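One-letter residues, chain by chain:
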Amino acid sequence: MLQATDLAAIRAIITRAKRWDLFFSIIGILSLMVGVLTFTVLFVDMAIQGVPRLTSEFFTSFPSRRPENAGILSAWVGTVLVMLVTALSAVPLGVAAGVYLEEYAPKNWVTDIIEINISNLAGIPSIVYGLLALGLFVYYFGFGQSILSAGLTLALLILPVIIVATRESIRAIPQAIHEASYACGATTWQTVSDHILPYSSAGILTGVIIGMARAIGETAPIITIGALTFIAFLPTAPFAGDPPAGLFDWIFAPFTVMPIQMFNWTSRPEAEFQVNAAAAGFVLVFMTLAMNGLAIYLRFQLRKNIKW
Amino acid sequence: MSASASAPTLPASIGQGISDRLSKKASRHVKERVIEAALFAAAAFSVFVTLAIVYVLVKESWSFFEHVPLTDFLFDTQWTPLFDDAHYGIMVLLSGTLTSSAVALVVAIPLGTIIALYLSEFAGFKVREIAKPFLELLGGVPTIVYGYFALTFLTPILQKIYPDLPGFNLLSAGLVMGVMIIPYVASLSEDAMRAVPMSLREGSYAMGATRLQTALWVVTPAATSGIASAYILGISRAVGETMILAVAAGMQPNLTFNPAEPGATITSYIVQVALGDLPHGSIGYQTIFAAGLTLLLMTLAFNLLGYWLRKRYREVY
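In every chain, residue numbers begin from 1 and rise along the written sequence. The naming scheme follows written order: chains are lettered A onward, ligands numbered 1 onward. With pLDDT at 70 or above as the cut-off, local features in this predicted model cover only qualifying residues; side-chain atom pairs require 80 or more to be listed or tallied, and sums for whole chains, interfaces and linings still use all residues.

A look at the overall build of chain A
Next up, step 1: The number of helices and strands found in chain A is 11 helices and zero strands.
Next up, step 2: For helices the rule is a DSSP run of H or I covering at least 4 residues; for strands it is a run of E covering at least 2, with both sets numbered from the N terminus onward. Reading the secondary structure of chain A in the N-to-C direction produces α-α-α-α-α-α-α-α-α-α-α.
Next up, step 3: The quantity called the radius of gyration is restricted to C-alpha atoms. Its globule counterpart is 2.2 Å times the number of residues to the power 0.38. Taking 19 Å as the expected radius of gyration for a compact globule of 308 residues, we find that chain A reaches 26 Å, considerably beyond that expectation.
Next up, step 4: Along the first, second and third principal axes, the C-alpha atoms of chain A reach 100 × 65 × 35 Å.

Shown next as structure tokens:
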């Protein structure tokens, strides 16, 4: 028989257990808050310091020895051009590799090696890619410290991200779509180009945006290839340089990018340059946040609109 | 998998006797094979990247080790490659890397694990849907911005607590690096915990266990291999992190395990040399490849350890 004292003891145990549950929930929320708070403080601190500096001259001036005249024109133009090279080389290559691994690859040791290799590449520190680029692109291929070298370096860096995103969004397509297409007599490539790629394009786009957001903020590999930090000119516009001028003269131009400009200002002792660094940092964080936010929103829409 | 792989190759003489439709089909096979080969080349390119990394690092390090004996590299206690009296003791840079990584992990592992447990076992659907993208945003902030934050915000605050703290120190760089790594640890551990089948939790609840007891004594042991590989990924991120340390930890080589001192890491040394103007082929130029090779071997060892842990301790349901 259950005694009244036993009942009380059991109730005490339950109360205590519930208290522990509550206690851990609070610890969990507090831990989350550490992350949230750090991010908020970082963002607000940079905004307070940097936003007053964000005039239109800041975006249209070259870096200068006088902090109040310095701007980020060459940095943001450089970032845009480097990202162009990165996207044009990494996206086709990454998507093609992802399609091969999901749709074509036979189950054998070659495929295993490629797969293990890709997950290994994702774990290599970015600065090692910088060393690769220094040895290979800058000196061996002779591209020099140019937009081309930087763009290709970042392309190698985000290649695993794009491959993984491509594979995941292809895997989300039901097998029935493949089977229906093959049953109609389509070849593998017809199935891929008419069905698989269109249906997975939104997922791939999400991965590409996340990869590009990462590439925009990467500093270490670009410093390693020896990018100049004081650039007071823009790359030559297409057909504008010395004859024979071509459409792609700019890819061999020296350059600077946003994170390098920020690093340069951060490492100066004068307080006015720190303000510039905060302003450049604010622009940089704003760009990566906007891109990541867009990717998250796309993924959310995608999950909502999925019809199969 | 491939539809075209089993197709017989047609002898050239057949082409004349068959109808247009069928000969079109023959060209279709050729096109398929060409496309497949191109896609394979794209996939195999990643292997080429790995080989190129190893080749470049080993080649330059080889010339470096022709000048510097390996024992000096491993056991010398000074790192002054750019001075007249050159010493090449990688131990000095390793101590900076290990100290800052240790500080980062002291922050990232407990917080990351708690966040993962909370999100997977306690939080409601809505909290999780908001928290996960937010963590992703936190992981997407450029590391140079974190470095700026450590130098201009965290260090002055720490200096108010410990007035002796130098302006550049491994402590504040390590702490910020820890916050940067939290998202990686948390999201991978959470994935591992969510992969634990519901029936294990239901069994535990049916025995009268509370949420916390279930989380700690059922879910965590079942997800150990995944959690361990999340930790290892965190470690290899910390070891390879560059800009936070280059900005906030100073770049003076310093053989110390005290986080309250400035120090150089393997990564920040590479940045320091790259910022200068060393001639291609000089021994100073080669040191960064030797340092990079050391870094690559370390991260490779961690990645292999993670792979092995996942295989060895995976619970199969």
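That covers the picture; the talk isn't over yet.
Some remarks on the overall build of chain B
Next up, step 1: Looking only at helices and strands, chain B has 12 helices and zero strands in total.
Next up, step 2: Reading chain B from its N end, one meets helices and strands in the order α-α-α-α-α-α-α-α-α-α-α-α.
Next up, step 3: Its C-alpha radius of gyration of 26 Å places chain B more than 25% over the 20 Å reference for a compact globule of 317 residues.
Next up, step 4: Expressed along its principal axes, the backbone C-alpha trace of chain B runs to roughly 90 × 70 × 35 Å.

Here's the deal with the domain arrangement of chain B
All names here are of chain B.
Next up, step 1: Per the annotation, domain bounds derive from an automatic or database assignment of domains. With domains assigned, chain B is organised as domain 1 (4–67) and domain 2 (90–312).
Next up, step 2: A separation of 39 Å is found between the C-alpha centroids of domain 1 and domain 2.
Next up, step 3: In this classification, Asp, Glu, Lys and Arg are treated as charged, Ala, Val, Leu, Ile, Met, Phe, Trp, Tyr, Cys and Pro as nonpolar, and every other residue, Gly included, as polar. Split into classes, the residues belonging to the side of domain 1 that touches domain 2 amount to three nonpolar, three polar and one charged.

Some points on the interface of chain A and chain B
Next up, step 1: Once C-beta atoms have been placed from the backbone, residue pairs whose C-beta atoms lie within 7 Å are recorded as contacts. If you look at the interface, chain A gives 69 residues, while chain B gives 70 residues.
Next up, step 2: Take the side of chain A that touches chain B: its biggest share by element is 16 residues, from helix H1 (residues 4–50) of chain A.
Next up, step 3: In terms of residue class, the side of chain A that touches chain B is made up of 45 nonpolar, 21 polar and three charged.

Section: the packing of helix H3 (residues 90–122) of chain B against helix H9 (residues 224–240) of chain B
All names here are of chain B.
Next up, step 1: Convention adopted: a line fitted to C-alpha atoms gives each axis, helices being fitted over their contacting stretch, and angles between N-to-C directions are expressed from 0 to 180 degrees. Orientation of H3 relative to H9, taken along the N-to-C sense of each, is 145 degrees, at an axis distance of 9 Å. Relative to H9, H3 is oriented so that their crossing is right-handed. Side by side, H3 and H9 meet where Thr97, Ser101, Ala104, Leu105, Ala108, Ile109, Gly112 and Thr113 of the first sit next to Ile227, Tyr231, Gly234, Ile235, Ala238 and Val239 of the second.
Next up, step 2: Residues of the contact of H3 with H9, tallied by class, amount to nine nonpolar, five polar and no charged. Left-handed describes a crossing whose near helix is turned anticlockwise from the far helix through less than a right angle; right-handed describes the clockwise counterpart.

Points about the domain arrangement of chain A
All names here are of chain A.
Next up, step 1: Segmentation of chain A into domains returns domain 1 (4–51) and domain 2 (56–305).
Next up, step 2: Computed over C-alpha atoms only, the centres of domain 1 and domain 2 are separated by 38 Å.
Next up, step 3: At the junction of the two partners, domain 1 supplies six residues and domain 2 supplies six residues.
Next up, step 4: For the side of domain 1 that touches domain 2, the residue count by class is four nonpolar, two polar and no charged.

Digging into the nonpolar core
Next up, step 1: Core analysis: the biggest nonpolar cluster contains 181 residues, and A:Tyr100, A:Ile162, B:Val176, B:Val185 and B:Ile244 have the highest contact counts within it.
Next up, step 2: The biggest single contributor to this core is H3(B), with 17 residues.
Next up, step 3: If we ignore the near neighbours within four places in the chain, the residues touching B:Val185 are B:Ala108, B:Ile109, B:Gly112, B:Ala230, B:Tyr231 and B:Gly234. By convention in this section, buried Ala, Val, Leu, Ile, Met, Phe, Trp, Tyr and Cys residues joined through C-beta atoms within 7 Å make up a nonpolar core. As a rule, residues whose C-beta atom has 12 or fewer other C-beta atoms within 10 Å are exposed, those with 20 or more are buried, and those in between are partly exposed; C-beta atoms are placed from the backbone.

Concerning helix H8 (residues 211–222) of chain B
Next up, step 1: Expected helix span is computed as 1.5 Å times (number of residues minus one). The terminal C-alpha atoms of H8(B), which comprises 12 residues, lie 15 Å apart, in line with the 16 Å expected from a rise of 1.5 Å per residue.
Next up, step 2: Where H8(B) is concerned, the buried positions are B:Arg211, B:Ala215 and B:Val219. Down the axis of H8(B), the buried set is contained in an arc of 45 degrees. They therefore lie on one face. Seen from the buried face of H8(B), the exposed residues on the opposite side, beyond 90 degrees, are B:Trp217 and B:Pro221.
Next up, step 3: Packing partners of the buried residues in H8(B) comprise H1 of chain A together with H3, helix H6 (170–194) and helix H7 (198–206) of chain B. The reported arc concerns the directions from the helix axis to the C-beta atoms and nothing else.

Considering the confidence of the model for chain B
All names here are of chain B.
Next up, step 1: Of the residues in chain B, 91% reach a pLDDT of 70 or more, and the chain-wide mean stands at 85.
Next up, step 2: Per residue, pLDDT captures the predictor's confidence, and it can take any value from 0 to 100. Contacts for the low-pLDDT stretch residues 1–7, under 50 throughout, to residues beyond four places or in other chains number 16 contacts.
Next up, step 3: For this predicted complex, the interface score ipTM comes out at 0.87, while the overall pTM is 0.87.

Remarks on helix H5 (residues 126–140) of chain A
Residues and elements named next belong to chain A.
Next up, step 1: Its 15 residues place the ends of H5 20 Å apart at the C-alpha level, agreeing with the 21 Å of an ideal helix rising 1.5 Å per residue.
Next up, step 2: Of all bends in H5, the biggest is about 35 degrees, found at Ala133.
Next up, step 3: Where burial is concerned, most of H5 is hidden: 13 out of the 15 residues are buried.
Next up, step 4: Once H5 ends, the next one or two residues include Gly142, with phi positive near 70 degrees. A residue's bend is simply the angle between two axes: one fitted to the seven residues ending at it, one to the seven starting at it.

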